[in-house]
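# Breakdown of the fold
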Amino acid sequence: MRTIVITGASRRLGLFLVENFISMGERVIAVTRSAPEAFKTFDSEHFYPIQISDYDQTGVTKLVSELEGISERVDLLINNASMYDTDPESLEELEEHYLSLFNVHMLFPGLLITALKEHMYSESTPGVVVNITDIYAENPNPQYALYCSTKSALESLTKSFAKKFAPGVRCNSIMPGPIQFLEKHTDQQKSDVFRETLLPFEGGYMPVFQAVTFLLDNHYVTGAGIKVDGGRSICRG
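Calculation notes
Residues numbered from 1 in each chain as written. Predicted model: local features only at pLDDT ≥ 70, side-chain atom pairs only at ≥ 80, totals over all residues. Heavy atoms only, no water. Salt bridge = Lys/Arg side-chain N within 4 Å of Asp/Glu carboxyl O. Helix = DSSP H or I, 4+ residues; strand = E, 2+ residues; numbered from the N terminus. Buried < 20%, exposed > 50% of the residue type's maximum accessible area, 1.4 Å probe, protein only. Polar contact = N/O pair within 3.5 Å; in protein donor to acceptor, adjacent residues only side chain to side chain. Contact = heavy atoms within 4.5 Å. Core = buried A, V, L, I, M, F, W, Y, C linked by side-chain atoms within 4.5 Å. Axes fitted to C-alpha atoms, helices over the stretch in contact; angles between N-to-C directions. Parallel < 35°, antiparallel > 145°, perpendicular 65-115°, else oblique. Left-handed = near helix turned anticlockwise from the far one by under 90°. Nonpolar A, V, L, I, M, F, W, Y, C, P; charged D, E, K, R; others polar. Pairing = 2+ DSSP bridges.

## Overview of the pattern of salt bridges
Going through the model one piece at a time under the given rule, you end up with 9 salt bridges. A salt bridge links D217 to R2; the nearest nitrogen and oxygen atoms lie 3.0 Å apart. With D217 in helix α6 (residues 206-217) and R2 in the segment before β1 (3-7), the pair connects residues that are 215 residues apart, well separated along the chain. Given a relative accessible area of 25%, R2 falls into the partly exposed group. A salt bridge links E138 to K227; the nearest nitrogen and oxygen atoms lie 3.1 Å apart. Here E138, found in the loop between β5 (127-132) and α4 (145-165), pairs with K227, found in strand β7 (residues 225-228); they are 89 residues apart in sequence, far enough to count as distant. Taken together, the salt bridges that share partners define one network made up of R2, E26 and D217.

Structure (structure tokens):
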């Protein structure tokens, strides 16, 4: 049985990953700032939700402390926690928003990977880090400039840590495209996206899960960024 740590585990992709790794019989540690009702439906003795107050040093300390009482080994860390909002108008809001994005997309993953290194490092069976970034990391959307810049930084961090922690930890990223629209997206917005996507339909969460399991099981991949976007990154202007 492998130990899987997933951040941002309370909804959407994170919750989907939790459900599927539990169904595989893995030990799943689900990290979240909330305690969703969905967690109450998991009937598994190997499911461990850990609630933290925020994505900062205090959150990392609490997470690691509780994790050490569950498992000495971490086989896979998925940094999935994310914020996705347009840039605010005012300078005051911009600073607060940017700091929040920095904490979630950069500070917390960086601290957590470093803190868990001793639980993941093994030259014979390296632990695996998968950072969930975005295709916007390479081709930014100007309405989401701050979001895109922090996701781009997480891409850079992935490659930096792949070098820093080799050969005992493998670090890779997954760059999703239009896998699952939000409820607020209109039919027109969806149509606009599909016109710039080679495979013009929602991918769903399963292709991301399949990419994660590929990165977990393929022992010769590190420092890679896998696009799961239906070809949108090469079609979009």
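## Overview of the side chain of D75
Relative to the helices and strands, D75 resides in the loop between α2 (57-68) and β4 (76-79). Accessibility expressed as a relative area gives 15% for D75, which makes it buried. In terms of polar contacts, D75 uses its side chain to reach the backbone amide nitrogen of T3, at 2.8 Å. Among residues more than four places away in sequence, those in contact with D75 are M1, R2, T3, M120, G127, V128 and L216.

## Describing the nonpolar core
Within the largest apolar cluster, 32 residues are counted, with the highest numbers of intra-cluster contacts made by L77 and L112. Those elements giving two or more residues to this core turn out to be β2 (27-32), α2, α3 (91-120), α4 and β6 (169-176). One finds L13, F47, V130 and V212 within the second-largest nonpolar core, a separate group that totals 31 residues.

## Regarding the packing of α2 against α3
Between α2 and α3, the least distance of the axes is 9 Å, while the angle of their chain directions is 25 degrees. Relative to α3, α2 is oriented roughly parallel. In this structure, α2 crosses over α3, and the sense of that crossing is right-handed. Every residue of α3 that contacts α2 at Q57, G59, V60, L63, V64, L67 and E68 is listed here: F108, L111, L112, A115, L116 and H119. Of the residues that constitute the contact of α2 with α3, the class distribution is 9 nonpolar, 3 polar and 1 charged.

## Focus on the sheet that holds strand β3 (residues 47-51)
In a beta sheet, neighbouring strands pair by backbone hydrogen bonds and run either parallel or antiparallel. Taken together, 7 strands build an open sheet; the order of strands is β3-β2-β1-β4-β5-β6-β7 and the sheet is parallel. Each edge of the open sheet carries a strand with a single partner, namely β3 and β7. Here the strands of the sheet are splayed against their neighbours by 20 degrees on average, with no regard to which way each runs. Bridge analysis of β4 against β5 gives 4 bridges, and the strand direction is parallel.

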